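Topology and contacts: notes
Residue strings, one per chain:
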Amino acid sequence: MNKKICIVVDHPDRDLNGYIYLISKLKLKQAAYYLVPYYNFREIYIIRPDIVILNHSRWIYSNFLKILKILNTSIFILDTEGGMITTDLIKEYILFSQIKKNVNYVDGFFIWSDKIKEEILKLNKNLDDKKLIVTGNPRFEYIYSRRKKKINGNILFNLNFATVNPKFSTIENEIKLLIKQGKSRNYLKNYVAHQKKMQKKFIELIKFVSESKLKKIVIRPHPYESKKIYETIFKDKKNIEINHTRNLIQEISNSSVVIQNNCATAIDAVLSSRPTFFYKPFKSKYLDQKLISDISFVYKSKKDILFNILSLKNKNKLYNKKSLNLINKKYSTINGGISSIEKTLKSKFKKNNNNNIDMFALLLRYKEFFYFMKTLVKVFLGLRFINYFRAQFSKKCININLLYDFINADPKFKSFFKKKKISNFEKYSKNFFSIKIN
């Protein structure tokens, strides 16, 4: 009988390719995979899997983890968001993921790099290091596998000003959220001031570069950043397009250079064999991140940026080996991580679920019953209906058509899944957006 493996997908546009790549590389013959949307993760109570891979272990999963443990389900955490570029970000990861609290429920944390594991253990000396398994993130391995060295395309400005230019919130609410996450008001005052200053500098830079009229410019705001200000400022510029709905990796592949400040997109660019320019018009201890600048070409003026755009064809180091080595060591392991995931999951195949337990009593005991019933309503009425007034959440739905779109967009995926059985999990409803791959 096949072992059921549930993988929780937070953001399809960001994470789904990586998970499809992971599934295509895992050689677990007795496995059936279920892709479960983050905003409906309690579907897992119905699926009753043998193994669950979660996108994090924050507070929202507190009771969920306890129930899975009682059900004898193996639990692994593969954080898909936390870049952990700095020591502060690693501290935040430890705090939000509640590693000390959850280590007794979780079978293993799939850590991105040796450096991150080292830093976590420094801050948690009594932690069982065997539960921190260095695997990298399949998303980055997938990006690296698709790299193309032939470069000819747009100039991509990737922006990162969601705090001061939020799409779904206000600056005040963003600040309140950051205060809850442990940031001081004095820190945030300076951080916000520097973000506003940097945003202004980038707008000036884009205006300056656009005057050259050599190539098409694409402005890609952060997914949670409003694009209204840019649409207003650049409405008369015919060589500028503002778009943040296209797949990021495809956007980078269609570009000749990525220009950013303090943005992890630089890592995606290096993995895609695209040069990345770090625009640094002023120093900022609130914005500057060492790894991002170390893997980028750093320029301080608008003239420097334009000159180096014009001389891209003369650059010999379009693909920077040193940058790749830094990413591999400090950020995310690129090769060999999936084999570690495979070995770890396979070791749990002999484990049997506790199928005799009273789920109703368990859900009541851990205050999950209400949320489970809410999930069932979503299942039967459809997630789109429930989230009609929460459009940003409906974009995170997964359905079989979306899965096929991702598979058909990549010839390697199309070839691999050609003979595989892919179907909606239709035992309960056609609106049930989990997907099983045999």
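Higher on the page you've got the structure.
Computed from a prediction, not measured in an experiment: that's the story for all the values here.

Right, let's talk about the pairing of strand β7 (residues 154-158) for a bit. Extensive coverage of β7 is indicated by the burial of 5 of its 5 residues. Burial along β7 is two-sided: the residues N154, L156 and N158 and I155 and F157 are all buried. With 4 bridges joining them, β7 and strand β10 (residues 255-260) adopt parallel strand pairing. If you follow N154 over to β10, its bridge partner there is S255. Judged from the 4 bridges that link them, β7 and strand β8 (residues 217-220) form a sheet pairing that is parallel.

The sheet built from 6 strands is open, its strands ordered β9-β8-β7-β10-β11-β12 with parallel pairing. Edge strands, defined here as strands with exactly one partner in the open sheet, are β9 (240-242) and β12 (297-299). The average angle at which neighbouring strand axes cross in this sheet is 25 degrees, direction not considered. With 3 bridges connecting them, β8 and β9 associate as parallel partners.

Looking now at the environment of P12. By the secondary structure assignment, P12 is in helix α1 (residues 12-25). Residues P12 and P37, spaced 25 residues apart in sequence, show a C-alpha to C-alpha distance of 8.5 Å.

The subject of this paragraph is α1. When the terminal C-alpha atoms of α1 are compared, their 19 Å separation across 14 residues agrees well with the 20 Å that a helix rising 1.5 Å per residue should span. Buried residues dominate α1, accounting for 11 of its 14 residues.

Two numbers describe a pair of packed helices, the interaxial angle and the distance between the axes. Between α1 and helix α16 (residues 337-346), the shortest axis-to-axis distance is 10 Å and the interhelical angle comes to 65 degrees. The pairing of α1 with α16 is recorded here as roughly perpendicular in orientation. Here α1 runs over α16; the crossing is right-handed. Every residue of α16 that contacts α1 at Y21, L22 and K25 is listed here: I338, I341 and E342. Of the residues contributing to the contact of α1 with α16, the split by class is 4 nonpolar, no polar and 2 charged.

Calculation criteria
- Residues numbered from 1 in each chain as written.
- Predicted model: local features only at pLDDT ≥ 70, side-chain atom pairs only at ≥ 80, totals over all residues.
- Heavy atoms only, no water.
- Buried < 20%, exposed > 50% of the residue type's maximum accessible area, 1.4 Å probe, protein only.
- Helix = DSSP H or I, 4+ residues; strand = E, 2+ residues; numbered from the N terminus.
- Pairing = 2+ DSSP bridges.
- Axes fitted to C-alpha atoms, helices over the stretch in contact; angles between N-to-C directions.
- Expected span 1.5 Å × (residues − 1).
- Parallel < 35°, antiparallel > 145°, perpendicular 65-115°, else oblique.
- Left-handed = near helix turned anticlockwise from the far one by under 90°.
- Contact = heavy atoms within 4.5 Å.
- Nonpolar A, V, L, I, M, F, W, Y, C, P; charged D, E, K, R; others polar.

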